[in-house]
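Understanding the architecture of this molecule
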Amino acid sequence: MSSLNFNKVAGAVLATGLAVVGLHELSSGVFDKEPVAKPGYMVEVAAETGGGAAAPEVPPDWGTVLPKADAAAGAAVFEKCKSCHNADNGGANATGPNLWGVVGRAPGSHPGFAYSDGMKAEGAKLPAWDYQHLYEFLAGPQKYISGTKMSFVGLKKPEDRINVIAYLHAQGGTLPIPAPNPAAAAAPAPTASTGPAPAPGAAPAGKPTATGTTATVPTPGVPAAK
Ligand code: HEC
């Protein structure tokens, strides 16, 4: 074999090898990929039997759910709270503190009420009740604040909590409703009847976000005293 022929043969072998490898790569690229089962987020359906709101939940997108929330339904939910609370402007404390303006108020700060140490500690951490913290607290008060005096089992259904928060917001709440953030719209719709729990991987109860400006009764322009 002349060296020219040898080169031709070697070149052909090399080209064939490359083609084989290339085909393999190509076919594995085409065939080995798992097809995406379902695009988008997964929605888990809350177990009907579970006690309390144990599972962590993705926070609702408050800017999306609050404008759609049913404050009248929230008023009906609030009937469950009335044995201990009222939400009237200037209403008296009872077994629980008066809840007028509680949305945007510092936890454990209503004058004249003897809060538990747990609730006072919450007030030291959290400048003001915001939607998300109320949502988590109302799911299971004792779970959220150990040692709380609020001996209420909690509201299991996300839509009940959203609606009652919308109702409380309408009772002197000082926190604005945020702009919708559709990226977080995996939130349960307040009108849903079966209580869907949103996607897994919930964020932990984090530090309060920009809610620290109106800790107590807001005087426009004057930050609340701490
Ligand atoms: C059995 C009585 C009882 C019931 C029913 C009850 N609460 Fe309470 N709630 C309390 C008490 C007592 C506190 C004070 C807790 C503490 O000091 O630890 C409290 C505290 C709170 C707070 C915090 C107030 C603050 O000033 O920081 C909110 C908000 C609240 N309750 C909302 C509700 C809602 C909404 C319902 C109904 C879904 C409800 N509660 C049902 C007794 C009750």
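This text goes with the structure placed above it.
A quick note: this is a predicted structure, and the numbers were derived from the prediction, not measured.

Coordination sphere of the iron atom of the ligand, protein contribution only: H85 (NE2) and M150 (SD), at 1.9 to 2.2 Å. Every donor counted, the six donor atoms about the iron atom of the ligand form angles of 84 to 179° at the centre, which fits octahedral coordination. With a gap of 65 residues between them, H85 in the loop between α3 (71-78) and α4 (117-125) and M150 in the loop between α6 (141-144) and α7 (158-170) connect regions that are remote in the sequence. Both residues of the pair, H85 and M150, belong to the buried class.

Summed over all chains, the structure comprises seven aromatic pairs. Taken together, the aromatic side chains of W62, Y131 and Y135 make up a single cluster linked through ring pairs. Cation over ring: R161 sits above Y135, and NZ or CZ is 4.3 Å from the ring centre.

As a packed pair, α3 and α7 sit with axes 7 Å apart at the nearest point and diverge in direction by 100°. The angle between α3 and α7 falls in the class roughly perpendicular. Between α3 and α7, the contacting residues are A71, A73, G74, A75, V77 and F78 on the first element and D160, N163, V164, A166, Y167 and L168 on the second. For the contact of α3 with α7, a count of residues per class yields nine nonpolar, two polar and one charged.

A separate point is the site of the ligand. If you check the shell around the ligand, you find 27 residues, and the closest are C81, C84, H85, S116 and M150. Within the contact set of the ligand, a nitrogen atom lies 2.7 Å away from a side-chain nitrogen or oxygen of H85. Contact distances for the ligand include 2.8 Å between an oxygen atom and a backbone N or O atom of G108. Sorting elements by how many residues they give to the shell around the ligand places helix α5 (residues 131-139) first, with three residues. Along the lines of polarity and charge, the residues of the shell around the ligand split into 16 nonpolar, eight polar and three charged.

Calculation criteria
- Residues numbered from 1 in each chain as written.
- Predicted model: local features only at pLDDT ≥ 70, side-chain atom pairs only at ≥ 80, totals over all residues.
- Heavy atoms only, no water.
- Donors = N, O, S within 2.8 Å, 3.2 Å for Na, K, Ca; no water.
- Tetrahedral: all angles 85-135°; square planar, octahedral: opposite > 155°, others 65-115°.
- Helix = DSSP H or I, 4+ residues; strand = E, 2+ residues; numbered from the N terminus.
- Buried < 20%, exposed > 50% of the residue type's maximum accessible area, 1.4 Å probe, protein only.
- Phe/Tyr/Trp six-rings, centres within 6.5 Å; stacked < 30°, edge-to-face > 60°.
- Lys NZ or Arg CZ within 6 Å of the ring centre and 35° of its normal.
- Axes fitted to C-alpha atoms, helices over the stretch in contact; angles between N-to-C directions.
- Parallel < 35°, antiparallel > 145°, perpendicular 65-115°, else oblique.
- Contact = heavy atoms within 4.5 Å.
- Nonpolar A, V, L, I, M, F, W, Y, C, P; charged D, E, K, R; others polar.
- Near = heavy atom within 4 Å.
- Polar contact = N/O pair within 3.5 Å; in protein donor to acceptor, adjacent residues only side chain to side chain.

Spatial relationships are all this shows, so hold off on functional conclusions.
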